[in-house]
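Understanding the architecture of this molecule
Spelled out from the first residue to the last, the chains are:
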Amino acid sequence: MLSELIREAPFGQVVRWVTKNKYFQYPEEKPDFQCPLSYNCNNGDEKHHLHQHQSRQSHKSARAVRNGDDVEKQEERPLAGDSGNAPSTVGEARLSNVDNLEPSLEKLDTRSSDDSVTADVERTGTLGLQRTQTLPYTNERLAIEHELAVEKTKSRPIMPAVTADGTILVDWYNTDDPANPQNWSPRKKLAVAFLIDVYTFVVYAGSAIYVSSEGLIMERFGVGPFKASLGLALYVLGYGLGPLIWSPMSEIPAFGRNVPYVVSFALYVILCVPTSLVDNLGGLVFLRFLLGFFGSPCLASGGASMGDMYSLLYLPYSVAFWVSAAFAAPALGPLLSGYAVVAENWRWSQWEVLWMSAPVFILFFFFLPETFAPNILLRRAARLRKLTGNEKIRSQTEIDRKGISFGHVLTEAIIKPIEICIKDPAVLFVNVYTALTYGIYYSFFEVFPLVYPPLYGFNVGETGTVFVCIVIGCVIAMTIYFSYLHFYLIPDIMKNGLRAQESRLVPALFACFGPPVGLFLFGWTARESVHWIVSVIGITIYATSVYILLQCIFVYVPMSYPQYAASLFAGNDFCRSLFAFGAILFSRPMFINLGIGKGCSLLGGLSVMGIIGMWLLYYAGAKLRARSKFAI
């Protein structure tokens, strides 16, 4: 319902706070709400334990009748995610496994990103299916997601876990609880994913939309190309630094996804106004840096929001569209502003950022629901405490994060990627290779003006049109990658289960040849004697292959380093943006001094090293993971 969507959105939460929960009420706040028996006890711990024990016994009896010998087989098999606190005897193991099997198929994990385990919590054998942290891509998770999909259709109640001191851990009420983002309708998921994709597109387009103004900025402020390009370079640096803060913040249940999204995006929209009006170069480039910094939550948490809603098997589709928005948007930036700045002035490129971002922020404010399960359950626990008067009703994250400060989380998020990058050669290669490809991408914004206006007579608007070839390459790559998913990967997973992580690098083994081929083709055909379309084809090949490479790498990292994936992605974002920042500044002098052909040959030669590294990672990845204390 629309009212439920608005209630979870920032607007609904503000209205609830102002009116003291009079409007947009949750079910627990309505007079006709029937509280589940397991929560409706005022400090009646013994009563709750008895009720839970009886419920489990009834589950066991029913399942024994339905499944017969299957129960015995499942009793002998350890549960995924239940590695700790193993029973000491065979009899205890059987009893534990039978008790724990039912919740493992019914409930979603609500642990925090630290994945800590409280010793006095009754083990429920639950495998984390919710994206409360980056979870392992395992056959166990895949099997339980499949079982869970069946359970959702039955609307079966979920019994909450209880700690040794009687604390009740809040969970979803039933297997098809509409509050669980994994249970949302396909239309609602699509609408939320579309909002995040558009948000990502606007922020990334805001980086390169500045490129068309550089010539006019040089005239207006009397500076050279290097200083004029700082407006683009510092924006890119800003959204490389941002994820180091916004990413760990979005994993804290008290904040969730929406607080970093909406607060930072509001500041982004507000800063667009002074950026468009400022009349000195220092103020302009500083404001551009702030725009990049406050726009970066789309980069920090966009993929996590997709993981909150979509299951493991089909998550790559939603992530691919989100990556496409980030990958294609900078290419369209010069096209969006190219003709306007010529017809009006350099400020129009910045006004266009405001015109794009303000409507998206309004949609965000009114219609973007919270997707982070721990945040949803944290607020549910507070409502249940108020309803029942039972102060022992808590969410799992309230226990897990007790005594953990945001400063500790932030420090860990900054230090851990550096440590892993130094100690793990696979992560070092991934960071260096993706940084190189990303930096080369942003060097195009400096080399295109050296090629198409002087050699082919293109004006500013027409030069911006050339960037459309990157969008075409993105569309071609999506077609190839989706075909790979649909016709090969998903059927193979359904038939054989998940293979070793290195199997996800197979498309990259072919795509890694694309960057050097595209760069050499562009560099040595960018001359008056060769039609301009040939060099454009080279850039299209580069864009197509890099998109596939990034998709493969961004799947390989969380599969191999699930415990540290969020930190690694933030670190990788920083490495990519830092090199892109440098590439924007050094690429123009490099191409002027070496020439277009030799400059592209240098970058293409570096890309050849990526071919060697990718094949080594494919064949030696398993050995590297075995020696790494960070990988699985």
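Our subject is the structure that appears above.
So, a few notes on the structure that sits alongside this text. In this text the structure is predicted, and so the values were computed from the model without any measurement.

1. Structural notes on the overall build of the protein
Of regular secondary structure, the protein possesses 27 helices and three strands. Relative to its 632 residues, the protein shows a buried fraction of 59%.

2. Quick notes on the packing of aromatic side chains
The final tally for this structure, using the stated rule, is 48 aromatic pairs. Centroid distance F33 to Y173: 6.1 Å. Interplanar angle 40°. Geometry classified as tilted. Note that F33 is positioned in the loop between α2 (10-18) and α3 (45-67) and Y173 in the loop between β2 (168-169) and α7 (186-208), a separation of 140 residues in sequence. Taking the relative accessible area as the measure of exposure, Y173 reaches 15% and is therefore buried. The ring of Y173 is capped by R380, whose NZ or CZ atom sits 3.9 Å from the centre of that ring. It is R576 that lies over the ring of Y438; its NZ or CZ is 5.1 Å from the centre.

3. Topic: the nonpolar core
Counting residues in hydrophobic clusters, the biggest one holds 147 residues, and the most contacted among them are Y442, F444, I470 and M614. For this core, the element with the highest residue contribution is helix α20 (residues 425-456), accounting for 17 residues. The contact partners of F444, leaving out residues within four places of it in the chain, are P449, F467, I470, L519, I539 and Y542. Core analysis: the next-biggest nonpolar cluster, separate from the first, contains 13 residues, Y39, I168, W172 and A373 among them.

4. Considerations on the pattern of salt bridges
Summed over the entire model, instances satisfying the criterion amount to 15 salt bridges. Close ionic contact of E398 with R394 constitutes a salt bridge, the shortest N to O distance being 3.2 Å. Residue classification places R394 among the partly exposed positions, given a relative accessible area of 27%. When salt bridges that share partners are traced, they join E28, D177, R380 and R383 into one network.

What counts as what
Residues numbered from 1 in each chain as written. Predicted model: local features only at pLDDT ≥ 70, side-chain atom pairs only at ≥ 80, totals over all residues. Heavy atoms only, no water. Helix = DSSP H or I, 4+ residues; strand = E, 2+ residues; numbered from the N terminus. Buried < 20%, exposed > 50% of the residue type's maximum accessible area, 1.4 Å probe, protein only. Phe/Tyr/Trp six-rings, centres within 6.5 Å; stacked < 30°, edge-to-face > 60°. Lys NZ or Arg CZ within 6 Å of the ring centre and 35° of its normal. Core = buried A, V, L, I, M, F, W, Y, C linked by side-chain atoms within 4.5 Å. Contact = heavy atoms within 4.5 Å. Salt bridge = Lys/Arg side-chain N within 4 Å of Asp/Glu carboxyl O.

These figures capture arrangement, not role.
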